[in-house]
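Inside the fold
Here is how the chains run, residue by residue.
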Amino acid sequence: MTPAGTGSAPAVEVRDLHVTLGGAPILTGVDLTVATGEWVTVIGPNGAGKSTLLRAVGGLLPAGHAVSLSGTPLRAMRPRARARVVATVAQSPVVPAGMSVLDYVLLGRTPYIPPLGRESAADLAVVYEVLDRLDLAAFHGRELATLSGGERQRVFLARALAQGASLLLLDEPTSALDIGHQQEVLELVDQLRREHELTVLATMHDLSIAGEYADRLVLLADGRVVAAGPPTEVLTEELLATHYRARVRVVPGEHGPLVVPVRAG
Amino acid sequence: MLSVLVALVAGVSLGPVSMPPGRVAAELLNLLPGVHLDSGLTAGEIAIVTQLRLPRVVLGLLVGGLLALAGGAYQGVFRNPLADPYLLGVAAGAGLAVTAVIALGGTTDPLAGLPVTVPLAAFLGALGAVTLTYLLGAAGGKGRSPATLILAGVAVSAFFSAGQTYLLQRHSDSIQQVYSWLLGRLATAGWHDVLLVLPYFLLTAVVVLLHRRELDVLSVGDDEATSLGLHPQRSRYLLIAAASLGTAAAVSASGLIGFVGIIVPHTVRLLAGSSYRVILPLSMIFGGAFLALTDVVARTAAAPAEIPIGVVTALLGGPFFVLVLRTARRVLS
């Protein structure tokens, strides 16, 4: 899913991003381009800076002039305008006590509701449409905290979709789910991306799954991009051995390489 | 709204001189422009209604509304079910400031009503206290829990109370006056006090109620609120300032009346769900009705003597607080 060469600006463009937190460099000179409609997944060992990169793209960290979304520098965007362009599903989103699914998904309309006003009929219509789309209509009155992990993940996605943003940032969207629900959620994301022409930038730990769903992978290690490209180029035994210190076999699969851990000896 | 009307009529009818609620209701309607009903009350009774009891009930409605609104707002801003003007030390800060004004300013006539400087001093005291509590509570860094903030509030409270005790000891001539105010009094309230509190009430209510939606957004945490397009810190500071202003006005008018800010929002939450869009307006209404009715208990339970209203709310609030603690334990652990 690469753009049709219209010359339009990429959905995400990161140029020479440096992030330092508490005196320690987290990201050093990171470059990243995500074309409109593309799915790019950032992989890398713990502490490589994956989440920090996503936070910078989402506007949660001061990223200077390094990040542009669809050609507009992040710095030039006001928070409400930014929230209409990019929606984030955090790694472990806060579940407010007692909040209903409907109220939670309605939070996604925040960038459209006037600061001192209330939600309009159109906002509610969007919310109900999204709930319908994600098979959550029956849950709308339920308390979010009472849902199962898989249902909750769908509600988190629903809030992001209600934001009406064209760029979706997913930080470990499946780390809390069993393997069946992982596939269910990722299939759903893929389907939504095709239907709504969304761009997806995700982080993931499971390398096989990362490779099956993403158009391109970006391998981050010690705050630098050490490899980027189609899954077959990034998921190699050499690269994974070097940067993860992992002993793995990489076998060809139907939708991308499959990474199988192998015990030493 | 109905609860406010019930509180209004009950509050005006009951007291050392009891009057039939129906006649009182008619007399209250007479206050509306264009209404002329024959209530059958004597001129003396009418004076009791309009000059003594009505301002007292209205002040109760305003103060109770402010305390409950401030409590609900603090709970949202700090994402903490235990936050309340008293537990955060805000009321103690305002209390110290008012004590200082009374003790050092030498207003001697307890019935003269409040000097205009009192609410302003109380506001500064309240802001100072909430800032201190916030900084101390945040000092634990990322690992801080709701309990940390409340412990900081308790420490700040103790500090300001100590300052107050010291001031009182140095200025023992004003002890009697400070104490009658301190324990919570709506007793001396005339229309003067109502007019003094009213502007603060309106300002606090408008600011807090207009931002009630943002409290729902803040409930998902600062990071997610930012990605939803909010300035979390800006909203937080504004709401803290408004809630502290409301607390300061309530404390200056009626002394230290505890637990309203925690009882009322929690009851509303149980009845009407967890959205601040609903909790805050309902808390304001029920808080007012609650305090006005509590005041009826305070002045009739041991009639002809009056029990300080702060004592009554504490008697009700203590057991209630234990209940809240039990339900909030999940959050605290």
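Starting afresh in each chain, residues are numbered from 1 along the sequence in its written order. Working convention: letters from A go to chains and numbers from 1 go to ligands, in the order in which they are written. The predicted origin of the model limits local features to residues at a pLDDT of at least 70 and limits the giving and counting of side-chain atom pairs to 80 or more, whereas totals for whole chains, interfaces and linings rest on all residues. The basis for every side-chain value is the complete set of heavy atoms in the structure, and neither hydrogens nor water enter the calculation.

Quick notes on the overall build of chain A
Working definition: helices are DSSP H or I runs of at least four residues, strands are E runs of at least two. Numbering for both runs from the N terminus. The helix and strand inventory of chain A stands at nine helices and 12 strands. All radius of gyration figures rest on C-alpha atoms, and the globule criterion is 2.2 Å times the number of residues raised to 0.38. Over its C-alpha trace chain A gives a radius of gyration of 19 Å, about what one expects of a compact globule, namely 18 Å for 265 residues. The buried label applies to any residue whose accessible area, calculated with a 1.4 Å probe on protein chains only, is under 20% of its type's maximum; exposed applies above 50%, and partly exposed to all values in between. The proportion of buried residues among the 265 residues of chain A is 51%. Sequence separation of at least 24 residues holds for 64% of the intrachain contacts in chain A that already meet a minimum separation of 6. Calculation of accessible area relied on Shrake-Rupley with a 1.4 Å probe; when residues are assessed, cover is drawn exclusively from the protein chains displayed. If you sum the accessible surface of chain A, you get close to 12,000 Å²; carbon and sulfur atoms cover 52% of it. If the 23 positive side-chain charges of chain A are averaged to one point and the 28 negative ones to another, these points end up 7 Å apart. Whether two residues touch is decided by their heavy atoms; if any such pair falls within 4.5 Å, the residues are in contact. Counted as positive: Lys and Arg. Counted as negative: Asp and Glu, with His and the chain ends omitted from the count. Think of each charge as sitting on NZ of Lys, CZ of Arg, CG of Asp or CD of Glu.

Re the packing of aromatic side chains
Residues and elements named next belong to chain B. Aromatic rings from Phe, Tyr and Trp, taking only the six-membered ring of Trp, are treated as a pair when their centres fall within 6.5 Å; an angle between ring planes under 30 degrees marks them as stacked, one over 60 as edge-to-face, and anything in between as tilted. Going through the model one piece at a time under the given rule, you end up with five aromatic pairs over all chains. Ring centres of Phe78 and Tyr134 lie 5.7 Å apart, and the angle between their planes is 55°; this geometry places the pair in the tilted category. You can see Phe78 sitting in the loop between helix H3 (43–77) and helix H4 (90–105) and its partner Tyr134 sitting in helix H5 (residues 117–138), a full 56 residues away along the chain. Considered together, Phe78 and Tyr134 belong to a single accessibility category, that of buried residues. Here Phe159 and Phe160 contribute two aromatic rings whose centre-to-centre distance is 5.6 Å and whose plane-to-plane angle is 80°, an arrangement assigned as edge-to-face. The buried category is assigned to Phe160, whose relative accessible area is 12%.

Describing the sheet that holds strand E9 (residues 216–221) of chain A
Adjacent strands of a sheet form backbone hydrogen bonds with each other and so pair up, either parallel or antiparallel. Residues and elements named next belong to chain A. Pairing between strands requires that DSSP locate at least two bridges from one strand to the other. Pairing is mixed in the open sheet, where six strands are placed in the order E6-E7-E8-E3-E9-E10. What marks the edges here is a single partner per strand, and that holds for strand E6 (86–89) and strand E10 (224–229). Between one strand axis and the next, the sheet turns through 15° on average, direction left out of account. Relative to strand E8 (residues 199–203), strand E3 (residues 39–43) runs parallel, the two being bridged by four bridges. Among the inter-strand pairings, Thr41 is bridged to a residue of E8, identified as Ala202. Axis definition: a line fit to C-alpha positions, over the contact stretch in the case of helices; interaxial angles, taken between N-to-C directions, run 0 to 180 degrees. Helix H6 (residues 179–196) rests against E3, strand E7 (167–171) and E8 of the sheet, and its axis sits at about 140° to E3.

Concerning the environment of Gln183 of chain A
Residue and element names in this part refer to chain A. Mapped onto the elements of the fold, Gln183 is located in helix H6. Residue class for Gln183 comes out partly exposed when judged on its relative accessible area of 41%. Sequence-wise, Gln183 and Pro115 are 68 residues apart; in three dimensions their C-alpha atoms are separated by 38 Å.

Some details on the side chain of Gln153 of chain A
All names here are of chain A. Among the secondary structure elements, Gln153 is positioned in helix H5 (residues 149–162). Whenever two N or O atoms come within 3.5 Å, that pair is a polar contact, provided that in protein one can donate a hydrogen and the other can accept it, and provided that, for residues adjacent in sequence, both atoms are side-chain atoms. At 3.0 Å, the side chain of Gln153 forms a polar contact with the backbone oxygen of Pro173. Once you skip the residues sitting within four places of it in the chain, Gln153 turns out to touch Val89, Pro173, Leu177 and Val185.

A short note on a nonpolar patch on the surface
Surface patches are drawn from residues lacking salt bridges whose relative accessible area is over 30%; two like charges belong together within 9 Å, two nonpolar side chains (Val, Leu, Ile, Met, Phe, Trp, Tyr) within 5 Å. What counts as a salt bridge is simple: a side-chain nitrogen of Lys or Arg found within 4 Å of a carboxyl oxygen of Asp or Glu. A cluster of nonpolar side chains, Leu116 of chain A together with Val206 and Leu210 of chain B, forms an exposed patch at the surface whose accessible area comes to about 240 Å². The topology assignment puts Val206 of chain B in helix H8 (residues 191–210). You can call Val206 of chain B partly exposed: its relative accessible area is 48%.

Here we look at the pairing of E6 of chain A
Looking along a regular strand, one sees side chains alternate from face to face of the sheet. Residue and element names in this part refer to chain A. The side-chain alternation of E6 yields two buried faces, one formed by Val86 and Thr88 and the other by Ala87 and Val89. Bridge analysis of E6 against E7 gives four bridges, and the strand direction is parallel. Bridged to Val89 within E7 is Leu170.

Digging into the pattern of salt bridges
Counting across every chain of the model gives 20 salt bridges over all chains. One salt bridge connects Asp215 of chain A with Arg193 of chain A, and the closest N-O pair in it is separated by 2.9 Å. Within this pair, whereas Asp215 of chain A is found in the loop between helix H7 (207–213) and E9, its partner Arg193 of chain A is found in helix H6, the two being separated by 22 residues in sequence. A salt bridge links Arg249 of chain A to Glu237 of chain A; the shortest N-O distance between them is 3.9 Å. Here Glu237 of chain A lies in helix H9 (residues 237–244) and Arg249 of chain A lies in strand E11 (residues 248–251), a separation of 12 residues in the sequence. Overall, the relative accessible area of 48% leaves Arg249 of chain A in the partly exposed class. Here the residues in one salt-bridge network are Asp103, Arg118 and Glu119 of chain A together with Arg213, Asp216 and Arg277 of chain B, joined through shared partners.

Description of the nonpolar core
Nonpolar side chains tend to gather and get buried jointly when the protein is soluble and globular. Counting 145 residues, the largest nonpolar core has Trp39 and Leu157 of chain A together with Tyr74 and Phe78 of chain B as the members making the most contacts within it. Here the element with the most residues in this core is H3 of chain B; it accounts for 16 residues. Remark: nonpolar core denotes a set of buried residues (Ala, Val, Leu, Ile, Met, Phe, Trp, Tyr, Cys) joined through side-chain atoms within 4.5 Å. Leu27, Ala48, Leu53 and Leu74 of chain A belong to the second largest nonpolar core, which has 29 residues in total.

What about the interface of chain B and chain A?
Facing the 19 residues of chain B at the interface are 29 residues of chain A. Summed over both partners, the accessible area lost on bringing two parts together, with a 1.4 Å probe, is the buried area. Carbon and sulfur atoms make up 52% of the area that chain B and chain A hide from each other, which totals about 2,100 Å². At the boundary of chain B and chain A, one finds five salt bridges. Where chain B touches chain A, the interface holds nine residue pairs in polar contact (both at pLDDT 80 or more). Contributing elements (two or more residues each) for the side of chain B that touches chain A: helix H9 (212–218) and helix H10 (222–227) of chain B. Each residue gets one label: Ala, Val, Leu, Ile, Met, Phe, Trp, Tyr, Cys and Pro are nonpolar, Asp, Glu, Lys and Arg are charged, and the others, such as Gly, are polar. In terms of residue class, the side of chain B that touches chain A is built from four nonpolar, eight polar and seven charged.

Concerning a negative patch on the surface
Judged by side-chain charge, Glu187, Asp206, Glu212 and Glu254 of chain A come together as a negatively charged surface patch. Tracing the backbone shows Glu254 of chain A in the loop between E11 and strand E12 (258–261).

Describing the confidence of the model for chain B
Residue and element names in this part refer to chain B. One confidence number per residue, pLDDT, is output by the predictor and ranges from 0 to 100. Residues of chain B with pLDDT of at least 70 account for 88%, and the chain-wide mean is 82. Mean pLDDT per element in chain B: helix H1 (residues 2–13) is the minimum at 71, and H10 is the maximum at 92. Both scores are available for the predicted complex, with the pTM at 0.84 and the ipTM at 0.88.

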